[in-house]
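Below are the chains, spelled out letter by letter.
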Number of protein chains: 2
Amino acid sequence: MIMNSRKVQILEINGDPMKIIILGFGAVGQGVARVLSVKKDYLKKKYGLNPSIVAVGDRSGAAINPDGLDEELLLKTKEKTGKISSFPEYGIPGVESINILDEVEYDCLVEVTPTDIHDGEPARSHMIKAMEDGKDVVTSNKGPLALSFQELATTAQSNSVEFKFEASVGGAMPIINFAHETLAGCSIESIFGILNGTTNYILSRMANEGSSYEQTLSEAQELGIAETDPYQDVEGIDAACKIVILANSVLNLPATLKDVEVEGISRITAESIALAKKEGMLIKLIGEASPDTLEVSPRLVRQGSPLAVEGTLNLATLKTDLADEVTVVGKGAGSVETASAILSDIISVWKVRK
Amino acid sequence: MIMNSRKVQILEINGDPMKIIILGFGAVGQGVARVLSVKKDYLKKKYGLNPSIVAVGDRSGAAINPDGLDEELLLKTKEKTGKISSFPEYGIPGVESINILDEVEYDCLVEVTPTDIHDGEPARSHMIKAMEDGKDVVTSNKGPLALSFQELATTAQSNSVEFKFEASVGGAMPIINFAHETLAGCSIESIFGILNGTTNYILSRMANEGSSYEQTLSEAQELGIAETDPYQDVEGIDAACKIVILANSVLNLPATLKDVEVEGISRITAESIALAKKEGMLIKLIGEASPDTLEVSPRLVRQGSPLAVEGTLNLATLKTDLADEVTVVGKGAGSVETASAILSDIISVWKVRK
């Protein structure tokens, strides 16, 4: 009798695992594995959530185990070999990502493959398939959302699955869930903010050091803050993707990337920044979404305003009917930081499903 | 038959009302009535919530109607006569606030009487009684929370009622629900921020205009930004109350007001601000809560950091394990702004109860 009641208790505490497939195992995917490993006890204790990674896919193939893959061994395998398909015993070279979704039973797809802003693939197809199979989807993938938000949202709705994408806008600046949950009583009228950390870093340094755009960009590239091909960041495309996601998800505007007027920072001179500074102003790359405007462009902001934050920080301000302007500031990038937003989404999916 | 099915539909749409008693009918209480009036359709449509104010109490007595009091007439009565007890037909002069809780059936107490930081009364007794009667409580009242947080939280828990107090910390800067809901996957390690709008305004003006503390304070008083007796604001007591509430509710530290080391801004000189400015720094009144520190004091902050916001804005930064630092900026005061936080709490109580 005692043995029996102890058994029951253990089962109750562990609960059914939430089976997760991670597609894409770069910085963000690895961050998710790390976070799920580190927070295992926390998640079990606080939410009764017992996540189990049953498959991971990357360019090399997959690692698949219906009973769960050890997170630390996933990370070690990727770090040592660069290929998730080298995972001991459960590695499968050459399998296509989309086929992994048919190989193993799961509850939730975490879609974190490299983003593509031309056709949103293969992420778009991964997510649509998962939704049509009745699975919940959590993603950080900007491309497919900026191109096909309405298709994805409609597919999620018609298949009664959860579709969460907090990490797609500014990593650890959780503005979407903030708008929906925390500001529950307010209507959001418009959104504006600094949605790209690389350009904020470049403009901040130009203002502080009086350096030229070209020189500052190449310093940022040396530091790994700007990419070798910085086009999508410095020309405002990355910020424009985020504006589209915010317009759709917070303002219910069915926009896509081509609806956004975009101007980047590559023509900003040290002189124009110095001139602004004399008047107590800074130049920032600001994205704005409202029923009238979808735009990314360099704008003057007042020193001392919430928009005046420096460095790689991201920031979004919600203009509301009741609470006036409310702003969230956070890190826009980083493996574990972005994974923290994915984890919040996984928890909220779990709360709906449990 | 057709008549019948239409009736059923109407009943379903309207739903049972959530019966609310508002104790205290100053700026915040009136803001709540205004917000419930303005957002009636929104609340019904979005949440199926049909709030009904069944009683309001102020120093003069009460207005009580089990079938609900008209919000606009409540506001007009208060504006014209200064007394809620003059409410046509349903006004009752002289009734003590605490007795109103026995006069009418209700679901949720909104406690917004003037705050008292010496014994927390009468708000503390109002809330304890409501909880012991099995009613949910929403409040903006700092005093009783800063003095008796644990007693109130325990009473709520042992009576299985909801206890929500977002509006007690920085009006429309929704940091508590943000920490609990939006950052669900993160552990919060410490909190720091600008928790008082009056002092932020004074310090910002001193920095921008080089004016003295005394002169700036009296200008702020003329503008209605500082109170005639500014003691609690300028000496850091108000910010210290908020630090206690954040320590208890976000960090699970059982602190009270006497545990906070407090230093205000009344000894800050124009010279010290000018000196800081030369080094690219500002002086701000910063509150901090961590397992090691409960403190309110003037500190140097770097220009360009999120803490450098000017004017009457409030701000709180959460230091987390996964998302690094995340900051929320918003209006710290204002009738409708504060009421918006109360409304978010009412909605979250409703979500639990419905």
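Residues numbered from 1 in each chain as written. Chains lettered and ligands numbered in written order. Predicted model: local features only at pLDDT ≥ 70, side-chain atom pairs only at ≥ 80, totals over all residues. Heavy atoms only, no water.

Under an unreviewed UniProt entry, the name given to chain A is Homoserine dehydrogenase, and the organism recorded is Methanobacterium formicicum. According to its UniProt record, chain A has this under Sequence similarities (unreviewed entry): "Belongs to the homoserine dehydrogenase family." (UniProt positions renumbered as here; feature names shortened; annotations may be inferred.)

Undergrad: Just checking my understanding: could you explain the domain arrangement of chain A for this structure?
TA: One widely used convention gives an interface's size as the accessible area the parts lose upon coming together. Residues and elements named next belong to chain A. Partitioning chain A into structural domains gives domain 1 (2-172 + 335-353) and domain 2 (179-331). Taking only C-alpha atoms into account, the centre of domain 1 sits 29 Å from that of domain 2. Each partner contributes residues to the interface: domain 1 has 15 residues there, and domain 2 has 19 residues. The junction of domain 1 with domain 2 conceals about 1400 Å² of combined surface from both sides, 70% of it contributed by carbon and sulfur atoms. A per-residue breakdown of the area domain 1 buries against domain 2 is headed by Ile-117, Ala-146 and Val-169, which together make up 37% of the total. In this structure, the connection of domain 1 to domain 2 is made through 2 salt bridges. Between Lys-142 and Asp-238 there is a salt bridge, with its nearest N and O atoms 3.2 Å apart. (Domains from an automatic or database assignment. Contact = heavy atoms within 4.5 Å. Buried area = accessible area lost by both parts, 1.4 Å probe. Salt bridge = Lys/Arg side-chain N within 4 Å of Asp/Glu carboxyl O.)

Undergrad: When you look at the relation of the copies chain B and chain A in this model, what are you seeing that I'm missing?
TA: Relating one copy of the chain to the other takes a rotation about an axis and a shift parallel to that axis. Least-squares fitting of chain B to chain A yields an RMSD of 0.0 Å, with the transformation described by 0.0 Å of translation along the axis and a rotation of 180°. As the rotation angle and translation indicate, the two copies are arranged about a two-fold axis. Across chain B, the rotation axis passes nearest the C-alpha of Val328(B), at a separation of 2.3 Å. When the interface residues of chain B are mapped onto chain A, 100% of them are again interface residues, pointing to one common binding face. (Least-squares fit on C-alpha atoms with pLDDT ≥ 70 in both.)

Undergrad: For this particular structure, what's the right way to read the sheet that holds strand S1 (residues 18-23) of chain A?
TA: All names here are of chain A. An order of S4-S3-S2-S1-S5-S6-S7 is seen for the 7 strands of this open sheet, with the pairing classed as mixed. Of all the strands in the sheet, just strand S4 (91-93) and strand S7 (163-164) have a single pairing partner and so form its edges. Two elements, strand S2 (residues 51-58) and strand S3 (residues 61-64), share 4 bridges in a ladder whose sense is antiparallel. The residue of S3 that forms the bridge with Gly-57 is Ala-62. (Pairing = 2+ DSSP bridges. Helix = DSSP H or I, 4+ residues; strand = E, 2+ residues; numbered from the N terminus.)

Undergrad: Explain the nonpolar core to me, please; I cannot follow it from the model alone.
TA: One recurring pattern in soluble globular proteins is that nonpolar side chains are buried together. In this structure, Ile21(A), Ile175(A), Ile21(B) and Ile175(B) are the most contacted members of the largest nonpolar core, which totals 247 residues. Beyond its immediate chain neighbours, meaning those up to four positions away, Ile175(A) contacts Glu166(A), Val169(A), Leu246(A), Ala316(A), Leu318(A) and Val328(A). (Core = buried A, V, L, I, M, F, W, Y, C linked by side-chain atoms within 4.5 Å. Buried < 20%, exposed > 50% of the residue type's maximum accessible area, 1.4 Å probe, protein only.)

Undergrad: What should I look at first to understand the UniProt feature "active site" (unreviewed entry) in chain A in this one?
TA: Residues and elements named next belong to chain A. Per the UniProt entry, the sites bearing "active site" (unreviewed entry) are Lys-242 in this numbering. For Lys-242, the location among the structural elements is in helix H12 (residues 237-251). Owing to a relative accessible area of 6%, Lys-242 belongs among the buried residues under this scheme. Ignoring sequence-local partners within four residues, the contact set of Lys-242 consists of Lys-142, Ser-168, Val-169, Gly-170, Leu-195, Asn-196 and Asn-314.

Undergrad: Can you help me understand the packing of helix H6 (residues 123-132) of chain B against helix H7 (residues 142-158) of chain B in this one?
TA: Angle between the axes and distance between the axes: these two values describe a pair of packed helices. Residue and element names in this part refer to chain B. Where H6 meets H7, the axes come as close as 10 Å, and the angle between the chain directions of the two elements is 10°. Regarding the angle of H6 to H7, the classification is roughly parallel. Touching Ala-123, Arg-124, Met-127, Ile-128, Met-131 and Glu-132 of H6 are Pro-144, Leu-145, Ser-148, Glu-151, Leu-152, Thr-155 and Ala-156, all from H7. Here the residues of the contact of H6 with H7 sort into 8 nonpolar, 2 polar and 3 charged. (Axes fitted to C-alpha atoms, helices over the stretch in contact; angles between N-to-C directions. Parallel < 35°, antiparallel > 145°, perpendicular 65-115°, else oblique. Nonpolar A, V, L, I, M, F, W, Y, C, P; charged D, E, K, R; others polar.)

Undergrad: Mind showing me how you'd approach helix H9 (residues 197-209) of chain A here?
TA: Residue and element names in this part refer to chain A. Along its 13 residues, H9 runs 18 Å from first to last C-alpha, staying within 8% of the 18 Å computed at 1.5 Å per residue. The buried count for H9 comes to 10 of 13 residues, which makes it a mostly enclosed element. Within H9, the full set of buried residues consists of Gly-197, Thr-198, Thr-199, Asn-200, Tyr-201, Ile-202, Leu-203, Ser-204, Met-206 and Ala-207. Buried residues in H9 make contact with strand S8 (188-194), helix H10 (213-222), helix H11 (231-234), helix H13 (270-278), strand S10 (281-289) and strand S12 (313-320). Structurally, the start of H9 carries an N-cap: the backbone nitrogen of Thr-198 is 3.2 Å from a side-chain oxygen of Asn-196. Looking one or two residues beyond H9, the residue adopting positive phi is Gly-210, at roughly 65°. (Expected span 1.5 Å × (residues − 1). Polar contact = N/O pair within 3.5 Å; in protein donor to acceptor, adjacent residues only side chain to side chain.)

Undergrad: Whenever I open this one, the pattern of salt bridges confuses me. Can you help?
TA: Two side chains that carry opposite charge are able to pair once their charged atoms sit near each other. Applying the stated criterion across every chain yields a total of 41 salt bridges over all chains. Ionic pairing is found between Glu310(A) and Arg302(B), a salt bridge with its closest N-O pair at 3.3 Å. On the criterion of chain membership, the pair formed by Glu310(A) in the loop between strand S11 (294-302) and S12 and Arg302(B) in strand S11 (residues 294-302) is interchain, its members lying in two chains. Note on Glu310(A): relative accessible area 16%, which makes it buried. Of the residues examined, Arg302(B) reaches a relative accessible area of 45% and is grouped as partly exposed. In this structure, a network of salt bridges that share partners links the residues Lys319(A), Asp324(A), Lys331(B) and Glu337(B).

Undergrad: What am I meant to see in the interface of chain B and chain A here?
TA: Facing the 42 residues of chain B at the interface are 42 residues of chain A. Buried surface at the junction of chain B and chain A, summed over both partners, amounts to about 3200 Å²; 55% is from carbon and sulfur atoms. If you look at where chain B meets chain A, you find 6 salt bridges. On inspection of chain B and its partner chain A, the count reaches 23 residue pairs in polar contact (both at pLDDT 80 or more). Of all the elements, strand S13 (residues 325-331) of chain B adds the most residues to the side of chain B that touches chain A, at 7 residues.

Undergrad: Can you help me understand the environment of Gly170(A) in this one?
TA: Residue and element names in this part refer to chain A. Within the fold, Gly-170 resides in the loop between S7 and helix H8 (175-182). Here the alpha-carbon distance between Gly-170 and Lys-331, two residues 161 residues apart in the chain, equals 7.0 Å. Among residues more than four places away in sequence, those in contact with Gly-170 are Lys-242, Asn-314, Lys-331 and Gly-332.

Undergrad: What is the right way to read the UniProt feature "binding site: NADP(+)" (unreviewed entry) in chain A from this model?
TA: All names here are of chain A. Under the UniProt annotation, "binding site: NADP(+)" (unreviewed entry) lies at Gly-24, Phe-25, Gly-26, Ala-27, Val-28 and Gly-29. Here Gly-26 lies in the loop between S1 and helix H2 (27-38). Judged by relative accessible area, Gly-26 falls into the partly exposed class, the value being 34%. Following the sequence through the fold, Ala-27 ends up in helix H2.

Undergrad: Honestly, the pairing of S1(A) in this entry has me stumped. Any pointers?
TA: In regular strands, side chains alternate between the two faces of the sheet. Residue and element names in this part refer to chain A. Of all 6 residues that make up S1, 5 are buried, and the element is covered over most of its length. Across 6 bridges, the pairing between S1 and S2 is parallel. Within S2, the residue paired with Lys-19 across the bridge is Ser-52. Direction of pairing for S1 relative to strand S5 (residues 108-111): parallel, over a ladder of 4 bridges. Paired with Ile-20 across the two strands is Cys-108, which belongs to S5.

Undergrad: So what exactly am I meant to see when it comes to the side chain of Thr317(A) here?
TA: All names here are of chain A. Tracing the backbone through its elements, the reader meets Thr-317 in strand S12. Residue classification places Thr-317 among the buried positions, given a relative accessible area of 2%. Side chain to side chain, Thr-317 and Thr-327 meet in a polar contact 2.9 Å long. Ignoring any residue separated from it by four or fewer positions in sequence, one finds Thr-317 in contact with Ser-190, Ile-191, Phe-192, Glu-325, Val-326 and Thr-327.

Undergrad: I tried to follow the packing of aromatic side chains on my own but got confused; where do I start?
TA: Centre distance and the angle of the planes are the two values used to describe a pair of aromatic rings. What the rule picks out here adds up to 9 aromatic pairs over all chains. Here the aromatic rings of Tyr42(B) and Tyr47(B) are separated by 6.3 Å at their centres, their planes lie at 70°, and the arrangement is edge-to-face. Judged by its relative accessible area of 9%, Tyr47(B) is buried. A centroid spacing of 6.3 Å and a plane angle of 45° characterise the contact between Phe149(B) and Phe163(B), whose relative ring orientation is tilted. Highlighted residues: Phe149(B) in helix H7 and Phe163(B) in strand S7 (residues 163-164), separated in sequence by 14 residues. A relative accessible area of 6% places Phe149(B) in the buried class. By relative accessible area, Phe163(B) is classed as buried at 12%. By way of ring pairs, the aromatic residues Phe149(A), Phe163(A) and Phe165(A) are connected into one cluster. Residue placement shows Lys135(A) over the ring face of Tyr106(A); its charged tip is 5.2 Å from the ring centre. (Phe/Tyr/Trp six-rings, centres within 6.5 Å; stacked < 30°, edge-to-face > 60°. Lys NZ or Arg CZ within 6 Å of the ring centre and 35° of its normal.)

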